Amino acid sequence: MNLIILGPPGAGKGTQAAFIASEKNIPHISTGDMLRDAIKKGTDLGLKAKAVMDAGNLVSDDLIIQLVKERISQTDCQQGFLFDGFPRTIPQAEALEGNNVKIDSVIELTVGDEEIIKRMSGRRIHLDSGRTYHIDFNPPNKEGFDDETGEELIIRKDDLPETVKDRLRVYWKQTQPLIEFYQAHSKISELKYHVVDGTLSVEEIMQNIKDFLSI
Ligand code: AP5
């Protein structure tokens, strides 16, 4: 089963994707996490991506498409995968089709811009795993530390309010057209398109997705 979780920055994609991937036993492919890992390791890709990401812009389609092609050719993706943060532009979605990658379901999380700006200021992440917390809505057991490793949590550079506003602008211009793209596909193919209110609690959203995916 190949799935996409779609929605604006901070909609809760990563939070729900971790849960879905573990329930379905498929890899969670977050292009944002892969890029942050490349930056941490200082690879060529990381060097190219850093300034672009810090400014809230999108990394070039060519680099991202190559990264994803390599990732889904790995053996753990044979039974399916869950994309989080990809595709993010129409050319990225078309590249999937051009490579005969069939998408079974798209789950869209909807959250208004004001709520997103509030959420981002409270987000904390564990850099190595991508595990995500929120100081009020989804706090770690011990403030400032990852539940599983006990390592320190960080604040993402692109979570500063001004950068979040830029990321939202980029989302509405370049990523939002994918909603229409996949909704149109769902009318002429077997692809299922499911919209969830992302302002519900983490648990309510999980239950809604569970019902949709029958898990
Ligand atoms: P990426 O890492 O993909 O960031 P994003 O899409 O902007 O999404 P986020 O990770 O910010 O949010 P999320 O929806 O996963 O929310 P989360 O679960 O963390 O991309 C970063 C950058 O990389 C991009 O800007 C771009 O530069 C580059 N990039 C990545 N992919 C690319 C691509 N395909 N093409 C080009 N460039 C690319 O939740 C947010 C907060 O809210 C957390 O604190 C969480 O605990 C909390 N929360 C979650 N659910 C709820 C809830 N229901 N109620 C209350 N709080 C909640």
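Residues numbered from 1 in each chain as written. Predicted model: local features only at pLDDT ≥ 70, side-chain atom pairs only at ≥ 80, totals over all residues. Heavy atoms only, no water.

> A description of the environment of aspartate 84 should follow, citing residues and the corresponding values.
Residue placement: aspartate 84 occurs in strand 3 (residues 81-84). Taking the relative accessible area as the measure of exposure, aspartate 84 reaches 7% and is therefore buried. Residues aspartate 84 and aspartate 33, spaced 51 residues apart in sequence, show a C-alpha to C-alpha distance of 9.3 Å. Ignoring anything within four residues of it in the chain, the contact list for aspartate 84 reads Ile5, Lys13, Gly14, Ala17, His28, Ile29, Ser30 and Thr31. (Helix = DSSP H or I, 4+ residues; strand = E, 2+ residues; numbered from the N terminus. Buried < 20%, exposed > 50% of the residue type's maximum accessible area, 1.4 Å probe, protein only. Contact = heavy atoms within 4.5 Å.)

> Tell me about unusual backbone geometry, and please be specific about residues and values.
Cis peptide bonds are those with omega within 30 degrees of zero, and the linkage from phenylalanine 86 to proline 87 qualifies with -10°. Looking at where proline 87 falls in the secondary structure, it is placed in the loop between strand 3 and helix 5 (90-98). Its identity is not glycine, yet serine 214 carries a phi of approximately 55°, on the positive side. Tracing the backbone through its elements, the reader meets serine 214 in the segment after helix 9 (202-213).

> So, empty space enclosed by the protein: which residues are in play, and what are the values?
Applying the stated criterion across every chain, the model contains one cavity of 30 Å³ or more. The space that makes up the largest cavity amounts to roughly 60 Å³. Around the largest cavity, the lining residues are Ile65, Val68, Lys69, Ile72, Phe86, Gln92, Ala95, Leu96 and Asn99. Counting only elements with at least two residues in the lining of the largest cavity, the list comes to helix 4 (61-72) and helix 5. Tallied by class, the residues present in the lining of the largest cavity amount to six nonpolar, two polar and one charged. (1 Å grid on protein atoms, 1.4 Å probe; cavity = no way out; pocket = protein on both sides within 12 Å on 5 of 7 lines; lining within 4 Å. Points joined across faces, edges and corners; volume = space filled by probe spheres on them. Nonpolar A, V, L, I, M, F, W, Y, C, P; charged D, E, K, R; others polar.)

> Hey, could you go over the nonpolar core for me, with residue numbers and the actual values?
Of all hydrophobic cores here, the largest spans 29 residues; its most connected members are Leu35, Ile72, Phe83, Ile103, Val106 and Tyr182. Leaving out residues up to four positions away in the same chain, tyrosine 182 has contacts with Ile4, Pro87, Ala93, Leu96, Val106, Leu191 and Tyr193. (Core = buried A, V, L, I, M, F, W, Y, C linked by side-chain atoms within 4.5 Å.)

> Would you mind going over the layout of surface pockets in detail, with residue names and values included?
The volume enclosed by the second largest pocket comes to roughly 550 Å³. Residue lining of the second largest pocket: 26 residues in total, with Ala18, Ser129, Gly130, Arg131 and Thr132 positioned closest to the centre. Secondary-structure elements contributing two or more residues to the lining of the second largest pocket are helix 1 (13-24), strand 2 (28-30), helix 2 (31-41), strand 6 (132-134) and helix 9. For the lining of the second largest pocket, the per-class residue count stands at 10 nonpolar, eight polar and eight charged.

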